[in-house]
Amino acid sequence: MTQKIVLNLVEQINEKTDELESFRIEVRIDNENNSSKIHRRYLVDSAPKSLKLSLDKWKKTFSQLVNYESRKNSTRTIEENLSQVLDEDDDYGITIDDDNYEEDTRHNCWEYDQNLTSEFNNWLKSEGWSKVSALLTEYLDKSGEISVTIQTDNALLKQLPWQEWKIFQEYSQIEIAISPPEYEPPPGWKNIKRHPQVRILVILGDNDGIDLEKDLHLLNEVRKYAGDPTFLLQPTLEELKTYLKEEKGWNIIFYSGHSETNENGQGVLYLNNDVGITIDDIEEELKVAIEEGLYLAIFNSCDGLGIANKLAELRFPQSIVMKESIPDKMAIDFLEYFLKSFSRDE
């Protein structure tokens, strides 16, 4: 039995100062068999500035670490290639000087992570949140699966490490998702096309420092489980638009490559070293694809909240994105675990 927990957080703005004062939170607890339903409302304090500072410090250091590992992997590949054509006893002036950078950055990242977790849980001990914690502690089922959805439009809340909330540490089968507070299915969703095989459009974008060969191998494995992938390797924008509008339609879009959320909050996908696009650039084509059966988009790439926000505006059925920068190995591990679950129709 799966319990479904929804925490809907709405900003409460001071009319005189136009500043965020607090959040109104609605807590809904539903059991899968509808044997019990709980719905409560509370008022909780807005997040303190110290929490935002802790998050920023951790993000900056974690991004440095991920970027360093990507550069190191690229450098290792270059060195391996050069070793095949250069004399082993002559380095031709090519040296890599880490200066303990990786060790120091890892240590700093760990410290900032601990500080962020501490700041986060201190906020969740405030009066309003304590009432929420007491309610969840009373009614959550430790023996079953628990699905938690954080519904909010607040940018900071979307980035916080909700999995580190102390009350969630006691539950081994808990999954946490972020969603907009309001959602409705796209037009014609009830009449959406179904295909005998799950049609997957795989977009392989800029791969600087990324091992896309492993992604290709794993994605080819879905053919064993009624998956029908089509691969686009670093397409142009026009090529991507053409494929998205294909009349047969797609069920899943999978993007692997580099991405980021820019200063304007827009998600940027890098199709290659020179071309970066936003969801706005393919908005009309995505609408066509949704009408033709597209129900899931997966972005196995960094810093994808801007992408998710725009897809929600388009009333996109479901999307999976990475909130932060991620190491290449983590992206590959996610893909492997996801495809195993996909093959079991989970």
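Above this text you will find the structure in question.
I will try to describe carefully the structure that is included in this document.

Here is what the cut-offs are and how they apply
- Residues numbered from 1 in each chain as written.
- Predicted model: local features only at pLDDT ≥ 70, side-chain atom pairs only at ≥ 80, totals over all residues.
- Heavy atoms only, no water.
- Core = buried A, V, L, I, M, F, W, Y, C linked by side-chain atoms within 4.5 Å.
- Buried < 20%, exposed > 50% of the residue type's maximum accessible area, 1.4 Å probe, protein only.
- Helix = DSSP H or I, 4+ residues; strand = E, 2+ residues; numbered from the N terminus.
- Contact = heavy atoms within 4.5 Å.
- Pairing = 2+ DSSP bridges.
- Axes fitted to C-alpha atoms, helices over the stretch in contact; angles between N-to-C directions.
- Salt bridge = Lys/Arg side-chain N within 4 Å of Asp/Glu carboxyl O.

Observations concerning the nonpolar core
Part 1 of the reasoning: Among the nonpolar cores identified, the biggest contains 37 residues, and Trp-123, Trp-129, Leu-136, Trp-162 and Trp-165 are the most heavily contacted of them.
Part 2 of the reasoning: Where this core is concerned, the elements lending two or more residues are strand 1 (2-13), strand 2 (20-31), strand 3 (37-45), helix 1 (49-83), helix 2 (101-123), helix 3 (127-139), strand 4 (145-152) and helix 4 (155-159).
Part 3 of the reasoning: Each residue touching Trp-129, except ones within four places of it in the same chain, is listed here: Leu-9, Ile-25, Val-44, Asp-45, Trp-123, Leu-124, Trp-162 and Trp-165.
Part 4 of the reasoning: In this structure, Leu-240, Ala-297, Leu-311 and Phe-316 belong to the second largest nonpolar core, which totals 23 residues.

Section: the sheet that holds strand 2
Part 1 of the reasoning: With respect to topology, five strands assemble into an open sheet ordered 3-2-1-4-5, the strand pairing being mixed. Lying at the two open borders of the sheet, with one neighbouring strand each, are strand 3 and strand 5 (174-179). Ignoring strand direction, the axes of neighbouring strands in this sheet form an average angle of 15°.
Part 2 of the reasoning: For strand 1 and strand 2, the ladder comprises eleven bridges, and the chain directions are antiparallel. Pairing of Lys-4 across the sheet is with Asp-30, part of strand 2.
Part 3 of the reasoning: Against the sheet, helix 3 touches strand 1, strand 2 and strand 3, its axis set at about 155° to strand 3.

Focus: the pattern of salt bridges
Part 1 of the reasoning: Evaluated as defined, the whole model comprises eleven salt bridges.
Part 2 of the reasoning: Across the salt bridge formed by Glu-284 and Lys-287, the nearest N and O atoms sit 3.7 Å from each other. You can see Glu-284 and its partner Lys-287 sitting in helix 7 (residues 283-291), three residues apart, about one turn around the helix.

Some points on the sheet that holds strand 12 (residues 296-300)
Part 1 of the reasoning: On the basis of which strands lie adjacent, the open sheet formed by five strands has the order 7-6-8-12-13 and parallel pairing. This sheet does not close on itself; its edge strands, each paired only once, are strand 7 (227-233) and strand 13 (319-321). Each strand of the sheet is rotated relative to its neighbour by a mean of 15°, with strand direction disregarded.
Part 2 of the reasoning: Of the pairings in the sheet, the one linking strand 12 to strand 13 comprises three bridges and is parallel in character. Bridged to Ile-298 within strand 13 is Ile-320.

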